[in-house]
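Geometric and topological summary
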Amino acid sequence: SQTIHQWPATLVQPVGSPLSLECTVEGTSNPNLYWYRQAAGRGLQLLFYSVGIGQISSEVPQNLSASRPQDRQFILSSKKLLLSDSGFYLCAWGRGDGSYNEQFFGPGTRLTVL
Amino acid sequence: AQSVAQPEDQVNVAEGNPLTVKCTYSVSGNPYLFWYVQYPNRGLQFLLKYITGDNLVKGSYGFEAEFNKSQTSFHLKKPSALVSDSALYFCAVRDPNGDSNYQLIWGAGTKLIIKP
């Protein structure tokens with residue numbers, strides 16, 4: 001069966017510090033991968049998605065970036081965090097073969113920028 | 001443009017009563033529709049989906065949803081609510097004819113509160 005991991009679970013960082021959040025998927029190959037941010041426990045904002053290694057599409061221009069160095073690894077980064085980067089970050093995967101494509105979510109990372 | 005609406009910010013139901021969480025959508029083609037649940041500080045869990053076939057779809061935890069093409073709706077239902085059903089519920093849609101690279105369009109979420 002497939003599993004998706006995110007770490008860290010929680011993170012408190014000062015403004016201006018760098019960020020690296022990691023997401024890995026097990027039990028599937030060539031997945032589509034997604035980074036979402038959820039503010040104030042409500043709506044989901046798609047930040048990045050990837051359909052393959054090294055292929056990143058950005059949905060929202062901001063000071064965040066994403067990378068996919070391996071098939072089942074997706075990293076969210078920032079060089080300098082802003083207060084507005086606080087939120088709940090969710091990684092998700094979907095089947096890369098185009099079948100129906102419900103997405104499956106990781107447990108999330110709670111980021112607080114102070 | 002593709003969109004999903006969850007018209008109720010919050011739904012309050014007494015335990016044991018039936019519940020309905022509403023979702024309407026707008027896509028150009030035949031939609032793929034999904035419901036997810038999110039418990040506090042957790043990731044989203046997939047509940048059920050409609051792709052084709054029977055309009056009534058059954059999913060996890062006793063939930064079901066009915067696809068209504070004429071009303072462009074996909075309401076989530078459960079015959080008898082449990083306190084443990086209290087959570088945030090998201091509806092999502094994908095237009096399989098769209099050039100979306102398998103993205104889902106998400107509703108804003110509905111907070112379901114089940115009172116004992």
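First things first, this report covers the structure right here in the doc. Here the structure is a predicted model, which means the values were calculated and not measured. (Residues numbered from 1 in each chain as written. Chains lettered and ligands numbered in written order. Predicted model: local features only at pLDDT ≥ 70, side-chain atom pairs only at ≥ 80, totals over all residues. Heavy atoms only, no water.)

Considering the side chain of Ser78(A)
Residues and elements named next belong to chain A. Structurally, the position occupied by Ser78 is in strand 8 (residues 73-78). Reaching out from Ser78, the side chain makes a polar contact with the backbone nitrogen of Lys80 at a distance of 3.3 Å. Not counting residues up to four positions away in its chain, the partners in contact with Ser78 are Pro18, Leu19, Asn63 and Leu64. (Helix = DSSP H or I, 4+ residues; strand = E, 2+ residues; numbered from the N terminus. Polar contact = N/O pair within 3.5 Å; in protein donor to acceptor, adjacent residues only side chain to side chain. Contact = heavy atoms within 4.5 Å.)

Quick word on the interface of chain A and chain B
Facing 24 residues of chain A, the contacting portion of chain B comprises 24 residues. Linking chain A with chain B are two salt bridges. For Asp9(B), the salt bridge is made with Arg42(A), and the minimal N-O distance between the two is 3.3 Å. Linking chain A with chain B are eight residue pairs in polar contact (both at pLDDT 80 or more). Looking at the side of chain A that touches chain B, the elements that each hand over two or more residues are strand 4 (32-38), strand 5 (44-52), strand 9 (87-94) and strand 10 (104-105) of chain A. The dominant element in the side of chain A that touches chain B, judged by the number of residues it contributes, is strand 4 of chain A, at four residues. Class assignment of the residues belonging to the side of chain A that touches chain B gives a composition of 11 nonpolar, nine polar and four charged. (Salt bridge = Lys/Arg side-chain N within 4 Å of Asp/Glu carboxyl O. Nonpolar A, V, L, I, M, F, W, Y, C, P; charged D, E, K, R; others polar.)

Side note on the sheet that holds strand 3 (residues 19-26) of chain A
All names here are of chain A. Taken in spatial order, the four strands make up an open sheet running 1-3-8-7, and their pairing is antiparallel. Strands with a single pairing partner mark the edges of an open sheet, and in this sheet they are strand 1 (3-7) and strand 7 (64-70). Along the sheet, successive strands turn relative to each other by an average axial angle of 20°, direction set aside. (Pairing = 2+ DSSP bridges. Axes fitted to C-alpha atoms, helices over the stretch in contact; angles between N-to-C directions.)

Structural notes on the state of the cysteines
In total, this model carries two disulfides over all chains according to the counting rule given. Here Cys23(A) is linked by a disulfide to Cys91(A), with a sulfur-sulfur distance of 2.0 Å. The sign of the S-S torsion, about -75°, decides the handedness of the disulfide formed by Cys23(A) and Cys91(A): left-handed. With Cys23(A) in strand 3 and Cys91(A) in strand 9, this residue pair connects regions lying 68 residues apart in the sequence. Across the pair, Cys91(A) and Cys23(A) agree in class, each one buried. Here Cys23(B) pairs with Cys91(B) through a disulfide, and the sulfurs are 1.9 Å apart. One disulfide, between Cys23(B) and Cys91(B), carries an S-S torsion of -65° and so falls in the left-handed class. Taken as a pair, Cys23(B) in the loop between strand 3 (19-21) and strand 4 (24-26) and Cys91(B) in strand 10 (residues 87-94) lie far apart in primary sequence, 68 residues in all. Across the pair, Cys91(B) and Cys23(B) agree in class, each one buried. (Disulfide = S-S within 2.5 Å. Buried < 20%, exposed > 50% of the residue type's maximum accessible area, 1.4 Å probe, protein only.)

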